[in-house]
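Remarks on the overall topology
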Amino acid sequence: MAVAGWGRRGGTAFLWGAFGAGPRRACSSGAPVWTPAAAAQELQSSGRGRFLLEHAAPFSAFLTDSFGRQHNYLRISLTEKCNLRCQYCMPEEGVQLTPKSDLLTTQEIVTLAKLFVKEGVEKIRLTGGEPLIRPDVVDIVGQLRKLEGLKTIAVTTNGMNLTRLLPRLKEAGLNAINISLDTLVPAKFEFIVRRKGFHKVMEGIHKATELGYRPVKVNCVVMRGFNEDELLGFVDFTKDLPLDVRFIEYMPFDGNKWNFKKMVSYKEMLDTIKQQWPELEKLSCEASSTAKSYKVPHFQGQISFITSMSEHFCGSCNRLRITADGNLKVCLFGNSEVSLRDHLRSGASEEELVQVIGAAVGRKKKQHAGMFNISQMKNRPMILIGG
């Protein structure tokens, strides 16, 4: 389908692909490039075109899919490497790392970020691997802060290097943080992540609260037989600290030996917590939020549930992902990818890159395939996606 509709340049909206003439052609990389006439022929007939015409707004057509979802949130993986070996993320045998020359350079990361922000992305999250082991992570944050229109720069980290780096990251422009922690028991921490370091993570959480991050989000992947017995402990963790503990349903990825019996559903977790705190209050949230949020009255913090498996939120998805080797993934659970790195390195113009991105977004499916089908699909391990 043609990538056509409303576009944006420097905050100005325009209808791209509906006027002018010219044949469809292909760029040097072989990717199709839709000229105005080719786009115009399909604009009126396509569902996407009708939606864009009916909902004219200063948001890029290239980041709007055929279901009207506007993607203003980009997650960029800075590295495939990690200093932990979490069981749900990293296969026990490890992963085949991409050669350094095939990973995005700092300049390529900033170039792509600038392009996405120009098209309407307002939030960028840096992921990994473990993003804070990348030597130039502070510099990357500083360069992202200069992008006009970018409102939020966030990071998801395991917290091991956080205490040391966070003051510099905050000064550079980091304004949101997620810290992964799946247990409050030091010995169990070592079992789950196959490394020591529990106290470093706890220090990182407290450092983030000391530096004024509100809330500090704590990501907890809940797995039956591992940590489902700690739900109440994690809720209590929010009593005196401004945390948002996010209970994440265990999701299937290549190599993590997922099975349905290990997954603890949102409703089961909620029932367990309500037995202890029947006064638990449900909080309102943004339409594009992935979380269902609750709060125990008088607690400083709150809890949330990420229900990717039992109650997916595909209908309001506003996220795109770029892997460390430069591939665009429009769905976390999809195995379809397009290499932005290859287009960059072949000399593609900004317009050609935008059209490649728009074509990928336009192919995004209505929803993921469901937990059982996903568990049978070939996809990257989580560590090679970037969360």
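Let me begin by describing the structure that accompanies this report. (Residues numbered from 1 in each chain as written. Predicted model: local features only at pLDDT ≥ 70, side-chain atom pairs only at ≥ 80, totals over all residues. Heavy atoms only, no water.)

**Focus: the pairing of strand β13 (residues 302-306)**
- The buried fraction of β13 amounts to 4 of the 5 residues, a majority that puts the element mostly inside the structure.
- Sheet topology places strand β10 (residues 243-249) next to β13; 5 bridges connect them, and they run parallel. Its bridge partner being in β13, D244 is matched across the sheet by Q302.
- In the sheet, strand β12 (residues 291-295) pairs with β13 via 4 bridges, with the strands oriented antiparallel. Considered in β13, the bridge of Y294 is made with I303.
- Connecting the antiparallel pair β12 and β13 is a turn made up of 6 residues, with H298 showing a positive phi of about 75°. (Buried < 20%, exposed > 50% of the residue type's maximum accessible area, 1.4 Å probe, protein only. Helix = DSSP H or I, 4+ residues; strand = E, 2+ residues; numbered from the N terminus. Pairing = 2+ DSSP bridges.)

**Focus: the side chain of S304**
- If you trace the backbone, S304 turns up in strand β13.
- When its relative accessible area of 0% is taken as the criterion, S304 is described as buried.
- A polar contact of 2.8 Å, which involves the side chain of S304, links it to the side chain of S293.
- Beyond its immediate stretch of four places on either side in the chain, S304 contacts D244, V245, R246, F247, A291, K292 and S293. (Polar contact = N/O pair within 3.5 Å; in protein donor to acceptor, adjacent residues only side chain to side chain. Contact = heavy atoms within 4.5 Å.)

**A word on helix α7 (residues 198-210)**
- The terminal C-alpha atoms of α7, which comprises 13 residues, lie 19 Å apart, in line with the 18 Å expected from a rise of 1.5 Å per residue.
- By the burial criterion, the buried members of α7 are F198, V201, M202, G204, I205, A208 and T209. Down the axis of α7, the sector holding all buried residues measures 155°, keeping them to one side. Exposed positions of α7 whose direction lies more than 90 degrees from the buried face are H199 and E210.
- Just past α7, the residue G212 takes up positive phi, approximately 95°. (Expected span 1.5 Å × (residues − 1). Arc of directions from axis to C-beta.)

**Regarding the nonpolar core**
- Membership of the largest hydrophobic core comes to 96 residues, with the highest contact counts inside it found for F116, I124, L181, F247 and L328.
- In this structure F247 touches C220, V222, L231, F234, V235, M269, I273, I303, S304, F305 and I306, once residues within four positions along its chain are discounted. (Core = buried A, V, L, I, M, F, W, Y, C linked by side-chain atoms within 4.5 Å.)

**Details of unusual backbone geometry**
- Residue G129 is reached from G128 by a cis peptide bond, and omega for that bond is 25°.
- With respect to the helices, strands and loops of the structure, G129 is situated in the loop between β6 (123-127) and α4 (137-145).
- Omega for the peptide link from R214 to P215 comes to -10°, which places this bond in the cis form.
- Of note in the backbone geometry, H298 takes a positive phi value of approximately 75° without being a glycine.
- Tracing the backbone shows H298 in the loop between β12 and β13.

**Thoughts on the sheet that holds strand β8 (residues 176-180)**
- The strand order β11-β12-β13-β10-β9-β8-β7-β6-β5-β14-β15-β16 describes an open sheet built from 12 strands, whose pairing is mixed. Only two strands of the sheet have a single partner each, and these edge strands are β11 (281-282) and β16 (338-339).
- The sheet contacts of α7 involve β8, β9 (216-222) and β10, and relative to β8 the element is tilted by about 160°. (Axes fitted to C-alpha atoms, helices over the stretch in contact; angles between N-to-C directions.)

**Quick notes on the environment of N227**
- Within the secondary structure, N227 sits in the loop between β9 and α8 (231-237).
- C-alpha of N227 to C-alpha of K188: the two residues are 39 residues apart in sequence and 8.5 Å apart in space.
- Aside from chain neighbours lying at most four places away, what touches N227 is D182, K188, C220, V221 and V222.
- From its side chain, N227 meets the backbone nitrogen of M223 in a polar contact 2.8 Å long.

Keep in mind that these numbers describe shape and distance, not what the molecule does.
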